[in-house]
Amino acid sequence: KTQIGRLREPSLKCIDLVVQELTNVVRAVTEKMQRYPRLREEAERIITTYIREKEQACKEQVMLLVDFQLAYMNTNHEDFIGFANASSASQNDENTGKKLGKVTNQVIRKGYMAINNLGVMKGIGGSRSYWFVLSSESLSWYKDGEEKEKKFMLPLEQLKLRDLESSFMSRGHMFAIYNPEGRNVFKDFKTLDLSCEAQDDMDSWKASFLRAGVYPEKQTSEGTVGEGEEEGERRESVDPQLERQVETIRNLVDSYMKIVTTSCKDQVPKIIMFLMVNDAKAFINGELLAALYSTGDTQNMMEESADEALKREEMLRMYHACKEALNIIAEVSNVTLGGGASKMSTPSYGQSNAAPARRPPPPSASPRLPPARPAPGGLPPPLVPSRR
């Protein structure tokens, strides 16, 4: 149930991101109403208020969805692996040697912790925080969470874990990793002193180290247990039957969490689209105009901005100036064409007013006739005189 309850945070985060994107879209669309600033502000306010109201209803519905999953564990789901299948899966993993830490180097936990004896190594006091990645075979730490600059990788083979008391250099909760055989763990140091800010974080890291095979030292009334007793405790803790049961439970939990996660991934976007996105679209298309009229300040909302009024006056001045320029061009053209015509019709001095006599065209010559063909009798036809 704890794992299912953790689905609330990403679901609510998804709603917040959708609201932010809708607000950006509304702001970008209302930029087209820049000519009427009051109308733009009022429309943006009404739409944003409506989206916020639907956001609250959407979050309540998502919370109900998670509560539904917590209310009843449906172990009869068709996709649930079941106890028999989980047992056979763990048995198969044991037979093929694919258990955690045997073949695959699976990542168990990531997070920030502080190394307290790092400052002592460099001759300075205090501690430094690093991003740690715990896997089934090693413990690595990086400069930050981007995991680009690796500082060191520590193999976990034959390592143990024990608690430490807080010192003046670190006020957090401390524990150390060491080698029972007295070998150096990190460079020239026999222990790696780590600390967390909260007790819950330290307990979670300890549980993760247990999954990786790093067990805490056992204490008795006389001190630390002997080597033989420690080996016996280790054998008891890694009992094959117990490991098989743990693996079976893990398979069951993973199977059911996969069902719940898939259901939430499918239902949350549908809830957001139905209760917020589609409803906001319907409100803008059908009720936004009525909401604007209901404010009762339509006259002020339709007032233009000072920039638009200045732009319109400038456009009117340009229009009248162009119109006046066209009139002047038309007058100049008319005067120019009229003066040219009068100059051509005015006679020059020394010429008579009478128009010169026009000579008649010469008479056209009569066309020559082709020579006549001789008559059938052999005599030529009589000659016909022609006018010259």
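Residues numbered from 1 in each chain as written. Predicted model: local features only at pLDDT ≥ 70, side-chain atom pairs only at ≥ 80, totals over all residues. Heavy atoms only, no water.

S.K.: Explain helix α2 (residues 8–29) residue by residue, including any values.
M.R.: The end-to-end C-alpha distance of α2 is 32 Å, a good match for the 32 Å that 22 residues give at a rise of 1.5 Å each. Looking at α2, one finds that the buried residues are Ser 11, Ile 15, Val 19, Leu 22, Thr 23 and Val 26. Taken down its axis, α2 places every buried residue within 120° of arc, on the same side. (Helix = DSSP H or I, 4+ residues; strand = E, 2+ residues; numbered from the N terminus. Expected span 1.5 Å × (residues − 1). Buried < 20%, exposed > 50% of the residue type's maximum accessible area, 1.4 Å probe, protein only. Arc of directions from axis to C-beta.)

S.K.: Summarise the pattern of salt bridges; cite the residues concerned and give the values.
M.R.: All chains considered together, the criterion is met by 15 salt bridges. Across the salt bridge formed by Arg 8 and Asp 67, the nearest N and O atoms sit 2.8 Å from each other. In this pair, Arg 8 sits in helix α2 while Asp 67 sits in helix α3 (residues 37–71), placing the two residues 59 residues apart along the sequence. Judged by its relative accessible area of 23%, Arg 8 falls in the partly exposed class. For Asp 67, a relative accessible area of 34% gives the class partly exposed. For Glu 55, the salt bridge identified is with Arg 52, shortest N-O distance 3.0 Å. A residue pair is termed a helical-turn pair when its members lie 3 or 4 positions apart in one helix, as Glu 55 and Arg 52 do in helix α3 at 3 residues. Overall, the relative accessible area of 9% leaves Glu 55 in the buried class. Exposure remark for Arg 52: the relative accessible area of 45% places this residue in the partly exposed category. Look at the salt bridges and you will find they share partners, linking Asp 16, Arg 52, Glu 55 and Lys 59 into a network. (Salt bridge = Lys/Arg side-chain N within 4 Å of Asp/Glu carboxyl O.)

S.K.: Residues and numbers for the side chain of Ser 11, please.
M.R.: Along the polypeptide, Ser 11 turns up in helix α2. Ser 11 gets classed as buried once you look at its relative accessible area, which sits at 7%. Ignoring any residue separated from it by four or fewer positions in sequence, one finds Ser 11 in contact with Val 62 and Val 268. (Contact = heavy atoms within 4.5 Å.)

Coordinates in, geometry out; function isn't part of it.
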